[in-house]
Amino acid sequence: MIPATKFREIAQGLLDKTRAGKLPWERGQTDTSGFHVHLPGSIIRIEYVSPSTEPDYVVTGFHNLKGEEAGRWFVRDGEEDWELASTLYKEAHKTATGWDKVVADIERFLSEK
(Lines give C-alpha, C1' and ligand atoms only; values in the text may rest on other atoms or scores of the structure.)
Protein backbone atom coordinates (compact mmCIF):
# COMPACT_ATOMS: atom_id res chain seq x y z
CA MET A 1 0.00 0.00 0.00
CA ILE A 2 1.31 3.43 -0.96
CA PRO A 3 1.44 5.81 2.05
CA ALA A 4 -0.45 9.13 1.85
CA THR A 5 2.80 11.08 2.14
CA LYS A 6 4.16 9.31 -0.94
CA PHE A 7 0.98 10.18 -2.88
CA ARG A 8 1.46 13.85 -1.97
CA GLU A 9 5.11 13.76 -2.98
CA ILE A 10 4.26 12.08 -6.31
CA ALA A 11 1.37 14.47 -6.99
CA GLN A 12 3.59 17.50 -6.40
CA GLY A 13 6.22 16.06 -8.74
CA LEU A 14 3.59 15.37 -11.40
CA LEU A 15 2.25 18.91 -11.04
CA ASP A 16 5.74 20.37 -11.43
CA LYS A 17 6.47 18.24 -14.53
CA THR A 18 3.06 19.07 -16.01
CA ARG A 19 3.57 22.80 -15.56
CA ALA A 20 7.01 22.45 -17.16
CA GLY A 21 5.41 20.81 -20.20
CA LYS A 22 7.11 17.47 -19.59
CA LEU A 23 4.02 15.26 -19.18
CA PRO A 24 1.88 14.60 -22.27
CA TRP A 25 -1.51 14.10 -20.61
CA GLU A 26 -4.20 12.72 -22.93
CA ARG A 27 -7.95 12.40 -22.61
CA GLY A 28 -9.10 8.88 -21.81
CA GLN A 29 -10.84 7.04 -24.62
CA THR A 30 -13.90 6.08 -22.61
CA ASP A 31 -14.17 8.61 -19.80
CA THR A 32 -15.11 12.22 -20.34
CA SER A 33 -13.64 13.68 -17.16
CA GLY A 34 -10.40 11.73 -17.00
CA PHE A 35 -6.90 11.98 -18.36
CA HIS A 36 -3.90 9.69 -18.46
CA VAL A 37 -0.19 9.74 -19.12
CA HIS A 38 2.05 6.81 -20.02
CA LEU A 39 5.49 6.58 -18.46
CA PRO A 40 8.10 3.96 -19.42
CA GLY A 41 6.91 1.50 -16.76
CA SER A 42 3.57 2.83 -15.55
CA ILE A 43 0.35 4.64 -16.37
CA ILE A 44 -1.14 7.46 -14.31
CA ARG A 45 -4.85 8.27 -14.55
CA ILE A 46 -6.64 11.22 -13.00
CA GLU A 47 -10.36 11.91 -12.88
CA TYR A 48 -12.56 14.65 -11.44
CA VAL A 49 -15.95 13.50 -10.20
CA SER A 50 -18.79 15.81 -9.19
CA PRO A 51 -21.61 13.79 -7.58
CA SER A 52 -24.89 15.61 -7.05
CA THR A 53 -25.24 14.70 -3.36
CA GLU A 54 -21.62 14.54 -2.15
CA PRO A 55 -18.52 16.73 -2.32
CA ASP A 56 -16.53 16.70 -5.55
CA TYR A 57 -13.45 14.51 -5.57
CA VAL A 58 -10.33 13.77 -7.58
CA VAL A 59 -9.06 10.23 -7.90
CA THR A 60 -5.57 9.53 -9.16
CA GLY A 61 -4.66 5.97 -10.00
CA PHE A 62 -1.22 4.48 -10.53
CA HIS A 63 -1.13 1.42 -12.79
CA ASN A 64 1.40 -0.99 -14.18
CA LEU A 65 1.67 -1.43 -17.95
CA LYS A 66 -0.90 -4.24 -17.85
CA GLY A 67 -3.40 -1.71 -16.49
CA GLU A 68 -3.48 -3.25 -13.02
CA GLU A 69 -3.87 -0.67 -10.28
CA ALA A 70 -0.91 -0.34 -7.92
CA GLY A 71 -2.39 2.48 -5.86
CA ARG A 72 -5.18 5.05 -5.74
CA TRP A 73 -5.23 8.54 -4.23
CA PHE A 74 -8.75 9.72 -3.46
CA VAL A 75 -9.22 13.33 -2.29
CA ARG A 76 -12.54 15.05 -1.56
CA ASP A 77 -13.22 18.77 -1.74
CA GLY A 78 -12.49 20.21 1.68
CA GLU A 79 -9.81 17.68 2.60
CA GLU A 80 -6.23 18.63 3.32
CA ASP A 81 -4.87 17.64 -0.12
CA TRP A 82 -7.75 19.08 -2.17
CA GLU A 83 -5.79 22.05 -3.49
CA LEU A 84 -2.95 19.83 -4.73
CA ALA A 85 -5.19 17.13 -6.24
CA SER A 86 -7.60 19.54 -7.95
CA THR A 87 -4.74 21.69 -9.30
CA LEU A 88 -3.05 18.62 -10.76
CA TYR A 89 -6.33 17.69 -12.46
CA LYS A 90 -6.77 21.21 -13.84
CA GLU A 91 -3.24 21.24 -15.24
CA ALA A 92 -3.70 17.78 -16.79
CA HIS A 93 -6.96 19.03 -18.36
CA LYS A 94 -5.22 22.12 -19.76
CA THR A 95 -2.37 20.03 -21.18
CA ALA A 96 -4.64 17.41 -22.75
CA THR A 97 -7.21 19.78 -24.26
CA GLY A 98 -5.05 22.82 -24.98
CA TRP A 99 -7.88 25.06 -23.79
CA ASP A 100 -5.45 27.86 -22.98
CA LYS A 101 -4.26 27.92 -26.60
CA VAL A 102 -7.84 27.87 -27.86
CA VAL A 103 -8.78 30.84 -25.67
CA ALA A 104 -5.65 32.74 -26.78
CA ASP A 105 -6.56 32.13 -30.42
CA ILE A 106 -10.14 33.34 -29.88
CA GLU A 107 -8.93 36.42 -28.01
CA ARG A 108 -6.46 37.20 -30.83
CA PHE A 109 -9.27 36.93 -33.35
CA LEU A 110 -11.58 39.15 -31.31
CA SER A 111 -8.92 41.82 -30.89
CA GLU A 112 -8.41 42.16 -34.65
CA LYS A 113 -10.03 45.17 -36.25
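See above for the structure.
Residues numbered from 1 in each chain as written. Predicted model: local features only at pLDDT ≥ 70, side-chain atom pairs only at ≥ 80, totals over all residues. Heavy atoms only, no water.

### Let's talk about the sheet that holds strand E4 (residues 57-63)
So, step 1. Spatially, E1-E2-E3-E4-E5 is the arrangement adopted by the five strands of the open sheet, whose pairing is antiparallel. Looking along the sheet, the strands with just one partner apiece sit at the ends: strand E1 (26-27) and strand E5 (69-76).
So, step 2. Here E4 runs beside E5; their pairing, made up of seven bridges, is antiparallel. Pairing of Gly 61 across the sheet is with Arg 72, part of E5.
So, step 3. Contacting strand E3 (43-49), E4 and E5, helix H1 (residues 4-19) runs over the sheet at an angle of about 85° to E5. (Pairing = 2+ DSSP bridges. Helix = DSSP H or I, 4+ residues; strand = E, 2+ residues; numbered from the N terminus. Contact = heavy atoms within 4.5 Å. Axes fitted to C-alpha atoms, helices over the stretch in contact; angles between N-to-C directions.)

### A closer look at the environment of Glu 69
So, step 1. Mapping Glu 69 onto the fold places it in strand E5.
So, step 2. Assessed through its relative accessible area of 42%, Glu 69 is described here as partly exposed.
So, step 3. For Glu 69 and Gly 98, which are 29 residues apart along the polypeptide, the C-alpha to C-alpha distance reads 28 Å.
So, step 4. When residues no more than four places from it in sequence are discounted, the contact partners of Glu 69 are Phe 62 and His 63.
So, step 5. Among the polar contacts made by the side chain of Glu 69, one reaches the side chain of Arg 72 at a distance of 3.0 Å. (Buried < 20%, exposed > 50% of the residue type's maximum accessible area, 1.4 Å probe, protein only. Polar contact = N/O pair within 3.5 Å; in protein donor to acceptor, adjacent residues only side chain to side chain.)

### As for the layout of surface pockets
If a probe as big as a water molecule is rolled over the atoms, it shows which places are left empty.
So, step 1. Size it by volume and the largest pocket reaches roughly 180 Å³.
So, step 2. For the largest pocket, the lining is made up of 14 residues, of which Arg 45, Ile 46, Glu 47, Val 59 and His 63 are closest to its centre.
So, step 3. For the lining of the largest pocket, the secondary structure elements donating two or more residues are strand E2 (34-38), E3, E4 and E5.
So, step 4. Here the element with the most residues in the lining of the largest pocket is E4; it accounts for four residues.
So, step 5. Among the residues making up the lining of the largest pocket, the classes are represented as three nonpolar, six polar and five charged. (1 Å grid on protein atoms, 1.4 Å probe; cavity = no way out; pocket = protein on both sides within 12 Å on 5 of 7 lines; lining within 4 Å. Points joined across faces, edges and corners; volume = space filled by probe spheres on them. Nonpolar A, V, L, I, M, F, W, Y, C, P; charged D, E, K, R; others polar.)

### Here's the deal with the nonpolar core
So, step 1. With 20 residues, the main nonpolar core has Trp 25, Ile 46, Trp 73 and Leu 88 as its most contacted residues.
So, step 2. Sorting the residues of this core by element identifies H1, E2, E3, E4, E5 and helix H2 (82-97) as the ones contributing at least two each.
So, step 3. Top element by residues in this core is H2. It accounts for six residues.
So, step 4. What Trp 73 contacts, discounting residues up to four positions off in sequence, is Phe 7, Arg 8, Ala 11, Val 58, Val 59, Thr 60, Asp 81, Leu 84 and Ala 85. (Core = buried A, V, L, I, M, F, W, Y, C linked by side-chain atoms within 4.5 Å.)

### Re the environment of Gly 67
So, step 1. Note on placement: Gly 67 falls in the loop between E4 and E5.
So, step 2. Of the residues examined, Gly 67 reaches a relative accessible area of 31% and is grouped as partly exposed.

### Concerning a nonpolar patch on the surface
So, step 1. The grouping of Val 102, Ile 106, Phe 109 and Leu 110 at the surface amounts to a nonpolar patch, some 420 Å² of accessible area in total.
So, step 2. Turning to its location among the elements, Val 102 is positioned in helix H3 (residues 99-111).
So, step 3. Residue Val 102 is classed as partly exposed on the basis of its relative accessible area, which comes to 44%. (Patch = residues over 30% accessible without salt bridge, like charges linked within 9 Å, V, L, I, M, F, W, Y side chains within 5 Å. Areas by Shrake-Rupley, 256 points an atom, 1.4 Å probe, with all protein chains shown as cover. Salt bridge = Lys/Arg side-chain N within 4 Å of Asp/Glu carboxyl O.)

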